[in-house]
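# Observations on chain architecture
One-letter residues, chain by chain:
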Amino acid sequence: MKPLFARKLRLRPTIVALFVLLTMPVFLAIVALTYVSNEQIARANADAMIGRFRTEAIDGIQGMFNPIKSLVRSAAMVGSQQPDFYSDNRSLKYLLSVLLHSDKLVSIYVGLADGSFRQARQINPAVKIQDKLPPAEVRYAYRWIEPPRQSPPLDHYIFLNDEHDPIGTSEQATTYDPRSRLWYQQTAQNGALAITDPEVFAALGLIGFTIAAPIYTDGKVTGVAAADITLDGLSQFLAERKISPGTLSYILDTEGGVLANSDRTKTYANEDGRVALQHITSLADQLPALAYSARLHDSEAPYSFSYAGTQYVARCSMLPMRFGKSWQLFTVTPLGDFAGAFERNNKLLLFWGLIAIAAEILIIYFLSAVVSSPLERLALKVAKIEDLASHDLPPLRSSIAEISVLSKAIETLGATVKSFAAFVPVGLVRQLIKSDHKLELGGHSRFLTIFFSDLEAFSTLSEEVPTQELMMRVSAYLEIVTKAVDDEAGTIDKFIGDGVMAFWGAPALLEDHAWRACVAALRIRQGMEGLNERWRSEELRPLNIRIGVHSDAVLVGNIGSQERMGYTVIGDGVNIAARLEGINKEYGTRLCISHSVFKEAGERLCVRPIDDVAIKGRRGKIPIYELMGAYGAGPDLEPDAAAVRLARLTRFAHEALVSEDFAEALSRYHEILAEFPDDTVARELVGRLEGMETARRVPVQAAE
């Protein structure tokens, strides 16, 4: 059975938490009750405002269309009373006066049964008329087409300025016939006033509605009077009549196509003379799409929904049948526009209530510190000991005897663990601290990367340099190695005189252990170059480092006896890594890695092949490489152009060597020496190839 509390509770937070648990429910209940009441009031106000807007909008839309309907009926009545009135151009001034009567109109015209057509319309000087731009001062135009005879009729224009004075003319043969247009056919067929669906105005290049009325003569339809209003005009009407700043209003057709919208964005397109309305659910703004999808079918009642953390109220209702079109008025408004005052009161209540509770919590928090603070400081010190983190926390002095004794015990524990970690890999110490297992002998096989480093000619140096100076210089070298290994999550196994053994991949698993070992080796080389430069300036002899790196499956674990043991790795792979460090001496290199390391780290390394060497105790030969740089480990480790070229030239020479074309190999190594005369690898292989008595190369065997 699990304990009631899986985690141990801390004293000080527990005291504060108990107070909060006792006071917060009451406070939150008061806030919630107030919030719910205010939201209900705001929602009722929103529903009422939307209902009022629906009524006013419907009346407004009808009020917008009714005067235009009256003007069209009047124009049709004139044609009925005077059948020949629209047969000549005396009617053009009358049509212009009708056009000027309403700023919503863009055109008014009459088409007769004989095919004649007369129109007064607004003109945009930037739009071409009959393939050419009209005069720059144009504002209006008269247009007429006489009844077609044998030849195609002419389409005549007289351009007018703001004073309605003629300023230019234009005419062109046309195929336009008003009798073939939808507005004419629909009105003539129904015999009554009609509002068309959205269509493209052929002469204007605009999209909108046509309001048309029939002209009767002797009981027969002899023509149609019509006026155009654009969709933009309807959108402007909605934009001028918003419930609140955040309200969105739409007029939709029966299929949900957007005829007009309050934000006045373009929701239609002209596709080869056919109007394509954008559906409400396909607008760029997802809000109206979500609102329309959530509407109540067969109901015009307001409904609520949430979007992006905001509450909205929406309503979709049909325009009255007497309007003549089955259009829908769709409104979406944020509830926050109606709940502003209530929300401010809620925020004030919440703010000052939280301030009061926070003040009480602070008082209780500081009072509880008298007991809990010393214990928390000791707990922090223990946590730092567990993480093996350095700290400068002073010893705790307390007047409470039990806390004072506990403080001294923790100080002793910290010193002991720190001393232990100086002799044992830090990762192992951290693992032992955090686990419940005892330290036991044993190990397991794991594929990891082993690292060996050593100083060149250290025995000679130790005889020439005073002991104190030698200790100082070796310590500086070991500091560089230790920091580089630690920075790349490696484990230092041991210091062997001037040598260092380290490995990657244990005790913590690392997927990129070979890469990290190579980066650490490059950083050590870089650090030693800086150190040697400083020593040269002090007229001291530099220390040259040799490094060998190898990846292999080895045994890792606690090796030794019950009384004394060490965490280390053993196996053939360890021996190979050590011998790779020694083989640097044969070729004059500094960083030597095996093929398994190159295979693991991949193409992120810049290497050049040295040779295929035989390792004592192994049957086959091992390809070895000189590590020259790394890509992606920082600009300071990137190989320069010379290193990249040297690596490429060495690969060409090595390919000839491997294929036993020794003459070609010798030639290519000579080319390397010609460009890089100080290259020790090329010099060694040239000497060996030149000294060969037969075509069979004697392989180099790595030193023990």
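Look above for the structure.
Read on for an overview of the structure. (Residues numbered from 1 in each chain as written. Predicted model: local features only at pLDDT ≥ 70, side-chain atom pairs only at ≥ 80, totals over all residues. Heavy atoms only, no water.)

The next subject is the sheet that holds strand β10 (residues 248–252). Taken together, five strands build an open sheet; the order of strands is β11-β10-β16-β15-β14 and the sheet is antiparallel. The sheet terminates laterally at β11 (258–261) and β14 (303–307), the two strands that pair on one side only. Each strand axis lies, on average, 25° off the axis of its neighbour in the sheet, ignoring direction. Sheet contacts for helix α5 (residues 286–293): β10, β14, β15 (310–318) and β16 (328–334); angle to β14, the most-contacted strand, approximately 140°. (Pairing = 2+ DSSP bridges. Helix = DSSP H or I, 4+ residues; strand = E, 2+ residues; numbered from the N terminus. Axes fitted to C-alpha atoms, helices over the stretch in contact; angles between N-to-C directions. Contact = heavy atoms within 4.5 Å.)

Let us look at the pairing of β10. Most of β10 sits out of view: five of its five residues are buried. Every second residue of β10 is oriented toward a common face, with Leu248, Tyr250 and Leu252 on one face and Ser249 and Ile251 on the other, all of them buried. Here five bridges tie β10 to β16, and the two strands are oriented antiparallel to one another. Bridge assignment links Ile251 to a residue of β16, and that residue is Leu329. In this sheet, β11 lies alongside β10 in antiparallel orientation, the contact comprising three bridges. Pairing of Tyr250 across the sheet is with Asn261, part of β11. (Buried < 20%, exposed > 50% of the residue type's maximum accessible area, 1.4 Å probe, protein only.)

Below, the discussion takes up helix α12 (residues 572–587). With 16 residues, α12 ought to run about 22 Å at 1.5 Å a step, and its terminal C-alpha atoms sit 23 Å apart, in line with that. The largest bend along α12 measures about 25° and falls at Glu581. Taken as a whole, α12 has its buried residues at Gly573, Val574, Ile576, Ala577, Arg579, Leu580, Glu581, Ile583, Asn584 and Tyr587. Two residues or fewer past α12, Gly588 is found with a positive phi of approximately 70°. (Expected span 1.5 Å × (residues − 1). Bend = angle between axes of the 7 residues up to and from the residue.)

On to the pattern of salt bridges. One pass over the full model with this rule turns up 24 salt bridges. Arg523 is the salt-bridge partner of Glu488, the closest N and O atoms lying 3.8 Å from each other. In this pair, Glu488 is assigned in the loop between α10 (467–487) and β18 (491–496) and Arg523 in helix α11 (residues 513–537), connecting sequence segments 35 residues apart. Residue class for Glu488 comes out buried when judged on its relative accessible area of 12%. Residue classification places Arg523 among the partly exposed residues on the basis of a relative accessible area of 26%. (Salt bridge = Lys/Arg side-chain N within 4 Å of Asp/Glu carboxyl O.)

A separate point is the nonpolar core. Counting 49 residues, the largest nonpolar core has Phe65, Tyr86, Phe209, Leu234, Ile251 and Trp327 as its most contacted members. In terms of residue count, helix α1 (residues 11–81) provides more of this core than any other element does, 13 residues in total. Beyond its immediate sequence surroundings of up to four residues, Tyr86 is in contact with Ala75, Val78, Gly79, Ser91, Tyr94, Leu95, Val110, Leu112, Arg118 and Ile215. If you look at the next biggest cluster of nonpolar residues, it comprises 47 residues, including Phe451, Ala484, Cys518 and Met528. (Core = buried A, V, L, I, M, F, W, Y, C linked by side-chain atoms within 4.5 Å.)

Bringing the side chain of His550 into the picture now. Residue position: His550 is located in strand β20 (residues 545–560). At a separation of 3.1 Å, a polar atom in the side chain of His550 contacts the side chain of Asp552. Engagement of the side chain of His550 in a polar contact is seen with the side chain of Ser594, the distance being 2.7 Å. Contact partners of His550, with chain neighbours within four places excluded, come to Leu448, Thr449, Ile450, Gly573, Ile576, Ala577, Leu580, Ser594, Ser596 and Val597. (Polar contact = N/O pair within 3.5 Å; in protein donor to acceptor, adjacent residues only side chain to side chain.)

What follows covers the layout of surface pockets. Taken as a whole, the largest pocket holds about 750 Å³ of empty space. As for the largest pocket, its lining consists of 31 residues, and the residues nearest its centre are Arg525, Glu529, Arg590, Glu626 and Met628. Among the elements that make up the lining of the largest pocket, the one with the highest residue count is α11 (seven residues). Taken together, the residues that form the lining of the largest pocket break down as 14 nonpolar, six polar and eleven charged. (1 Å grid on protein atoms, 1.4 Å probe; cavity = no way out; pocket = protein on both sides within 12 Å on 5 of 7 lines; lining within 4 Å. Points joined across faces, edges and corners; volume = space filled by probe spheres on them. Nonpolar A, V, L, I, M, F, W, Y, C, P; charged D, E, K, R; others polar.)

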